[in-house]
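Single-letter residue listing:
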Amino acid sequence: MEASRRALVQDALTRLSDGDREAFTPLFNALWPLLLAFASRYLPRGLAEDVAQQSLLNLFARADEFDSSRDAVSFAIGIAFHEMRTARRKAWRRREDPLPEQPIPDVRASPLDEIERKETDALVEWGLARLSIEEQNTLQAFVSGSPESKLSPTAFRKRVQRAKERLRAILKVPH
Amino acid sequence: MNAATLALESRRLYERSRAINGAGLALVFAAPFGCVSMACCAFPRVTITLGLFLGVVVFLSRRRGQWLARGLYPGLVAGSLGFVLPIACRTLMPMCSGQMCFVPLAWVVGVGIVCGGVAVALAPSGSRSPTLLIAYLLGSMGALAGGLAGPVALAGGVLVGAAVGAGAKVVSE
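The rules behind each value
Residues numbered from 1 in each chain as written. Chains lettered and ligands numbered in written order. Predicted model: local features only at pLDDT ≥ 70, side-chain atom pairs only at ≥ 80, totals over all residues. Helix = DSSP H or I, 4+ residues; strand = E, 2+ residues; numbered from the N terminus. Contact = placed C-beta atoms within 7 Å. Buried ≥ 20, exposed ≤ 12 C-beta atoms within 10 Å, placed from the backbone. Nonpolar A, V, L, I, M, F, W, Y, C, P; charged D, E, K, R; others polar. Expected span 1.5 Å × (residues − 1). pLDDT = per-residue confidence, 0-100. Core = buried A, V, L, I, M, F, W, Y, C linked by C-beta atoms within 7 Å. Axes fitted to C-alpha atoms, helices over the stretch in contact; angles between N-to-C directions. Parallel < 35°, antiparallel > 145°, perpendicular 65-115°, else oblique. Left-handed = near helix turned anticlockwise from the far one by under 90°.

Novice: Would you mind showing me how to read the overall build of chain B here?
Specialist: Helix and strand counts for chain B stand at seven helices and two strands. In chain B, the succession of α and β elements from N to C terminus is α-α-α-α-β-β-α-α-α. Pairs at least 24 residues apart make up 77% of the contacts formed inside chain B by residues separated by at least 6 positions.

Given below as structure tokens:
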């Protein structure tokens, strides 16, 4: 994102949080394409538009709380990120078609975060290997968003809960 | 939802959130001070009127924003002095005559001078009027400890204090 646009968003949101209504239109014009592009990168088109709209509405409803010492673009992206997670969770709960495999972005990614993430992945794999085959399958079905068809949703949730508790217990054991 | 509808809806939500925040702030400030004033002073109708007026001013300032809202917190700080000092004076040094206990009006005027001076000192540039108005309205609920003439005496004090404070600011600049 170019610096001039970032500065425009920062200035407009700061003015709007102070009550300057003239900053509304420039902020709207700058944020709408930004949030739509952000959501479109990680979600299917129809859902991306819904998420971008909801993010924008939430942002304006919370514009009053914006602290001008913070970065306005990060504030906006943070709201959109939260909306994306909520939309994914809702889609999973409604048992809609699983969303395409698109990773949720890590907005704070840095080399150190990357190393930490790899270490965490290795630790989780180590823990998964110590679960029973049935528990492994349950967790895999949970992560992929396609629950085992022979089970009722409640039974599946309970099974997932038990498998997660067991995984947590294994990861707590010193190794 | 097309872009124009989205813009309208966004604007509506923005205005609504400002109004809700304004109403919350008005309630938080006017209600406790009003309750204390009702308990301490013998003029519930005047207290309710002043409290409502304060609530409306706080609500409008917070909702409108900009120069009006910038005077809000300095006004509340300065006004709480004007509120607390007459009530403390009445509680610690009761001046009773028959069934009524009043604070001497000279004391209320003195408190008003302090209150006005502090309000002018704390007010951000361009927000002196809302700061003084809020300070006066809040202080006047405490000034009722000086009787019905208390708010009038406080107004005089606040004006003198504001003039002195403004003069001192001009000289220092």
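Novice: When you look at the overall build of chain A in this model, what are you seeing that I'm missing?
Specialist: When helices and strands are tallied, chain A shows seven helices and zero strands. When the elements of chain A are put in sequence order from the N terminus, they spell out α-α-α-α-α-α-α. Split into buried and exposed, the 175 residues of chain A put 21% on the buried side. Relative to all contacts within chain A whose residues are 6 or more apart in sequence, the contacts with residues 24 or more apart total 58%.

Novice: Where do I start with the interface of chain A and chain B in this structure?
Specialist: It is common to report an interface's size as the accessible area lost on association of the parts. Of the residues lining the interface, 14 residues belong to chain A; the matching set on chain B comes to 16 residues. Of all elements in the fold, only α2 (24–42) and α3 (45–61) of chain A reach the threshold of two or more residues within the side of chain A that touches chain B. Grouping the amino acids of the side of chain A that touches chain B by side-chain chemistry returns eight nonpolar, two polar and four charged.

Novice: Explain helix α1 (residues 3–18) of chain A here, please?
Specialist: The periodicity of an α-helix, 3.6 residues per turn, causes residues three or four positions apart to be oriented the same way. Residue and element names in this part refer to chain A. For α1, with 16 residues, the first-to-last C-alpha span of 23 Å sits near the 22 Å given by 1.5 Å per residue. Inspection of α1 places V9, A12, L13, R15, L16 and S17 among the buried residues, and these make up the whole buried set. Packing partners of the buried residues in α1 comprise α2 and α4 (72–93). Of the residues flanking the end of α1, it is G19, one or two places downstream, whose phi is positive at about 110°.

Novice: Teacher, can you tell me more about the confidence of the model for chain B here?
Specialist: Regions with low pLDDT should not have their predicted coordinates read in detail. Here chain B averages 86 in pLDDT, while 94% of its residues score no lower than 70. As scored by the predictor, the complex reaches a pTM of 0.67 and an ipTM of 0.74.

Novice: Hey, could you run me through unusual backbone geometry in this one?
Specialist: Glycine aside, a negative phi is what most residues show, and trans is what most peptide bonds show. All names here are of chain B. The phi angle at Q66 is positive, at roughly 55°, despite the residue not being glycine. Among the structural elements, Q66 can be located in helix α3 (residues 66–70). On the basis of neighbour counts, which here come to 14 C-beta atoms within 10 Å, the residue Q66 falls in the partly exposed class.

Novice: How should I be thinking about the nonpolar core in this particular structure?
Specialist: It is characteristic of soluble globular proteins that their nonpolar side chains tend to be buried jointly. Residue and element names in this part refer to chain B. In this structure, V58, C115, A119, I134, A135, L137 and L138 are the most contacted members of the largest nonpolar core, which totals 46 residues. Of all the secondary-structure elements, those providing two or more residues to this core are α1 (3–40), α2 (44–64), α3, α4 (72–92), α5 (105–122), α6 (128–143) and α7 (150–172). Contacts of C115, omitting those with residues within four sequence positions, involve A78, G79, L81, G82, A135, G139, G157, V158 and G161.

Novice: How should α2(A) be read in this particular structure?
Specialist: For α2(A), spanning 19 residues, the distance from its first C-alpha to its last is 27 Å, which sits close to the expected 27 Å at 1.5 Å a residue. Within the span of α2(A), buried status applies to A:L27, A:F28, A:A30, A:L31, A:L34, A:L35, A:F38 and A:A39. Buried residues belonging to α2(A) abut α1, α3 and α4 of chain A together with α1 of chain B.

Novice: Sorry if this is basic, but what is going on with the packing of α4(B) against α5(B) here?
Specialist: The axes of two packed helices give the description: the angle between them and the distance between them. Residues and elements named next belong to chain B. Two numbers describe how α4 lies on α5: the axes approach to 8 Å, and their chain directions differ by 165°. Relative to α5, the element α4 is oriented roughly antiparallel. You can see that α4 and α5 cross each other, and the crossing is right-handed. Of α5, the residues touching α4 (which contributes P74, G75, V77, A78, G79, L81, G82, L85, P86 and C89) are W107, V108, V111, G112, V114, C115, V118, A119 and L122.

Novice: Which parts of the structure should I look at to understand the confidence of the model for chain A?
Specialist: Model confidence for chain A is summarised by a mean pLDDT of 79, while 81% of its residues fall at 70 or above. Across chain A, element-level confidence peaks in α3(A) with a mean pLDDT of 88 and bottoms out in helix α5 (residues 111–129) of chain A with 71.

Novice: Looking at this model, I keep getting lost on the environment of B:L60. Mind explaining?
Specialist: Tracing the backbone shows B:L60 in helix α2. In the structure, B:L60 is positioned 34 residues away from B:A26 in sequence and 9.0 Å away in space, judged by C-alpha atoms.

Novice: Hey, could you run me through the environment of A:R88 in this one?
Specialist: By the element assignment, A:R88 lies in helix α4. For the pair formed by A:R88 and A:L47, sequence separation is 41 residues and the distance between their alpha carbons is 9.4 Å.

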